[in-house]
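Next come the chains, spelled out residue by residue.
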Amino acid sequence: MKKKRSYVELIGEIIGIMAIIALIVLISMVSFFKQPYEVQSGKGATSINQWTIITDAGEPTATLPIDFRGKRLVVESVLPEVNDGEILNIKVNFAYLYVYVDGKMVYKVEPAKMGLMSTSVGGYMAFVPVESSYSGKTIRLEIELRGNRVSESLKSIMVTKKSDYVMDRILDNFLKIIMGAVYTIIGVIMLLAYLFFLPSGKHLLELRRRGFLYGAIMMVSIGFWTLSDIHILGIISNNLTASGLLNYLAFFMMSIGGVGFIYYTLPEKLITLRVLSYSILRVSQINLVVQTFVYVLGLQDLPSMLMSTQLLAVLAILQLIISSLYIGISGTKDHAWMSWIWTILISVLIIISMVLYAFDKDWGPFFMFTVLLIIGGLVYRLIKMTYVLLRKSIELEEMTIYAFTDSLTGLKNRHAYDEDIQHQEGFSAKDNYNIAMFDVNGLKVANDTLGHAAGDELLQGAAKCLEDAYADIGTCYRMGGDEFIVVAMCDEDLFEQRCQIFEDLTRGWSGKMVKSLSVSFGYASKKRMPDATADDVEKEADKKMYEAKALYYQTHDRRR
């Protein structure tokens, strides 16, 4: 009996579908965003550390990084010698940025707009083109902070070549790029497994299949988030807004994919963990939908709503760690040593990541490897459980086929006929319902004189003739002993033609032990019995078959 789905699950699935639709809409919106750069020149190679603070509550002069309060910062300095084609790389989280050289505005960045919507996503870096005529001149920066922050810092300002900067970013983040590519590739493989290789329909197997789907979402999201967080694509394309939105979307989907993956792969006996995972999953989906609508309506910018997503991401990571540790500790006895090594590695890597984070060191690669290790173990367990369930499903299907198949002839058996005939009453109301009954003549004589192998050969020969004559228009059954039935939904004339073909086939048949085959049969059609039921048509065919059999034995004067 099919398990009835609760309203909670139904609502959750609806929310999940809405979240996916919202994700697609947001991704499609990215290409329409135009970041309003206004540039009148650009290039560079050295840091500019000394600045004079024009408007701020801090000191009049300061060395980078400069911390500032409020929402606006104005600073000035003198440009070193610069060359045509170089850029001024400015790192600060901003909503608005204006750059002046000798009092003339040469560059400005404002929130990207699409219709009524605008966003400061991508406002964490700027590339100001410079030219040799700017050398030694006064440069002035006017920076307006994002609305969601109460404090910020002007991190660095450097003159460099854009190509050199991109190459430095690639070399500095080479491990992250590799990890991002690995996560993305694994996610795509899992998605392909979900789409093409994993069957659905069975309750437990469907849960594992959904686990693959959410796992694929999580892996691809982590991969995209890692790659977009380096900003290389945004720098090359000169559209940090698009890169930033991709980063936001990937971050949103990480928690949804991660918690969904946990929920659908945890053993059902772990009720507490499953309930917690289910709750975080639905809240994450609701969070994505709500933030999307709030943003689309222009009520609030995405960065100002990021805190709730960060909290859900932290909960998802904790769930992932707790679940992985549980699975490692409770590993099967035949692979206990692998489970313990896996658990110890995860624990050590987590501690290293926390220590490095506390001392403001580069903890990203360790944490990324930790997550990959966790996911690898969970995927391995998921694949193993899916394999076991799939194997049991195949065995069950084979047993079902065996239960409905005659082992000697390969035709359907009486049990299959009884099951099928229950559904025939609706079809039997149609004129094209036909049925034929068959009885192999001389089976007992063959068994007694030539052995049971000869009798089996007769039955197999009769089954082969039946399949050759009727298989493409109906279903053939062996009812037991020497009796067979054929049920066909076709025109009566066609059925009669096939009966004639069957007679010709039996006359031409010859076996290794038995040289001839004789089968008595009778058939009936609903077309000639308008008021009859399927049972009535069967009885009429059976009657004609016995008449034919009686005539055969009268003519041949043989024992049955």
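These figures come from a predicted structure and were not determined experimentally.

Draft legend 1. Up close: the overall build of the protein. Scanning the protein from terminus to terminus reveals 16 helices and 18 strands. Contacts spanning at least 24 positions in sequence make up 75% of the contacts within the protein whose residues lie at least 6 apart. On the protein, roughly 28800 Å² of surface is accessible, and the fraction owed to carbon and sulfur atoms is 62%.

Draft legend 2. Broad picture of the environment of N434. Position of N434 among the secondary structure elements: in strand 15 (residues 433–440). Measuring from C-alpha to C-alpha, the distance between N434 and V537 comes to 7.8 Å, with 103 residues separating the pair along the chain. Engagement of the side chain of N434 in a polar contact is seen with the side chain of S525, the distance being 2.9 Å.

Draft legend 3. Representation of the side chain of S520 in the model. Position of S520 among the secondary structure elements: in strand 18 (residues 519–525). Residue S520 is classed as buried on the basis of its relative accessible area of 5%. A polar contact of 2.9 Å, which involves the side chain of S520, links it to the side chain of N441.

Draft legend 4. Quick look at the sheet that holds strand 11 (residues 126–129). What the three strands build is an open sheet, ordered 11-6-14; its pairing is antiparallel. Two strands in the sheet have a free side with no partner beyond their single neighbour: strand 11 and strand 14 (156–160). Recorded for the sheet is a direction-independent mean angle of 20° between the axes of neighbouring strands. Sheet analysis places strand 6 (residues 87–91) next to strand 11, joined by four bridges and oriented antiparallel. By the bridge assignment, I87 is partnered in strand 11 with P129.

Draft legend 5. Spatial organisation of the pairing of strand 17 (residues 483–489). The element strand 17 is largely enclosed, with a buried count of five among its seven residues. The pairing of strand 15 with strand 17 spans seven bridges and is classified as antiparallel. Note on strand 17: the bridge partner recorded for A436 is V486. When strand 16 (residues 474–480) meets strand 17, the two strands line up antiparallel, connected through six bridges. Along strand 17, the bridge assignment pairs T475 with V487.

Draft legend 6. View of the packing of helix 13 (residues 443–450) against helix 14 (residues 452–470). One can describe the packing of helix 13 onto helix 14 by two numbers: an axis separation of 6 Å at closest approach and a directional angle of 150°. As judged from the angle between their axes, helix 13 and helix 14 are roughly antiparallel. For the pair helix 13 and helix 14, the contacting residues are L443, A446, N447 and L450 in the first and H452, A454, G455, L458 and L459 in the second. Looking at the contact of helix 13 with helix 14 residue by residue, the class counts come to six nonpolar, three polar and no charged.

Draft legend 7. Local environment of the confidence of the model for the protein. The predicted model of the protein averages 76 in pLDDT, with 73% of residues at 70 or higher. Contacts for the low-pLDDT stretch residues 1–5, under 50 throughout, to residues beyond four places or in other chains number three contacts. Low pLDDT, under 50, characterises residues 26–31; the stretch is placed with nine contacts to residues that sit more than four places away or in other chains.

Draft legend 8. Local environment of the environment of L213. Note that L213 resides in helix 4 (residues 203–229). Owing to a relative accessible area of 23%, L213 belongs among the partly exposed residues under this scheme. Sequence separation of L213 and M190 is 23 residues, and the distance between their C-alpha atoms is 7.1 Å. In contact with L213, not counting residues within four places along its chain, are L191 and Y194.

Draft legend 9. Looking closely at unusual backbone geometry. Phi at D102 is positive, roughly 55°, even though this residue is not glycine. Tracing the backbone shows D102 in the loop between strand 7 (96–101) and strand 8 (104–109). Overall, the relative accessible area of 49% leaves D102 in the partly exposed class.

Draft legend 10. Representation of the environment of Y417. Checked against the element boundaries, Y417 lands in helix 11 (residues 414–421). For the pair Y417 and M479, spaced 62 residues apart in the sequence, the C-alpha separation amounts to 8.0 Å.

Draft legend 11. Here's a closer look at the side chain of S284. By the element assignment, S284 lies in helix 7 (residues 271–296). With a relative accessible area of 2%, S284 lands in the buried category. Those residues in contact with S284, other than ones at most four positions away along the chain, are S255, I256 and L312.

Draft legend 12. Highlighting the pairing of strand 18. By the criterion of burial, strand 18 is predominantly enclosed, with six of the seven residues buried. Across seven bridges, the pairing between strand 15 and strand 18 is antiparallel. When the sheet's bridge partners are listed, I435 is paired in strand 18 with A524.

Calculation rules
Residues numbered from 1 in each chain as written. Predicted model: local features only at pLDDT ≥ 70, side-chain atom pairs only at ≥ 80, totals over all residues. Heavy atoms only, no water. Helix = DSSP H or I, 4+ residues; strand = E, 2+ residues; numbered from the N terminus. Contact = heavy atoms within 4.5 Å. Areas by Shrake-Rupley, 256 points an atom, 1.4 Å probe, with all protein chains shown as cover. Polar contact = N/O pair within 3.5 Å; in protein donor to acceptor, adjacent residues only side chain to side chain. Buried < 20%, exposed > 50% of the residue type's maximum accessible area, 1.4 Å probe, protein only. Pairing = 2+ DSSP bridges. Axes fitted to C-alpha atoms, helices over the stretch in contact; angles between N-to-C directions. Parallel < 35°, antiparallel > 145°, perpendicular 65-115°, else oblique. Nonpolar A, V, L, I, M, F, W, Y, C, P; charged D, E, K, R; others polar. pLDDT = per-residue confidence, 0-100.

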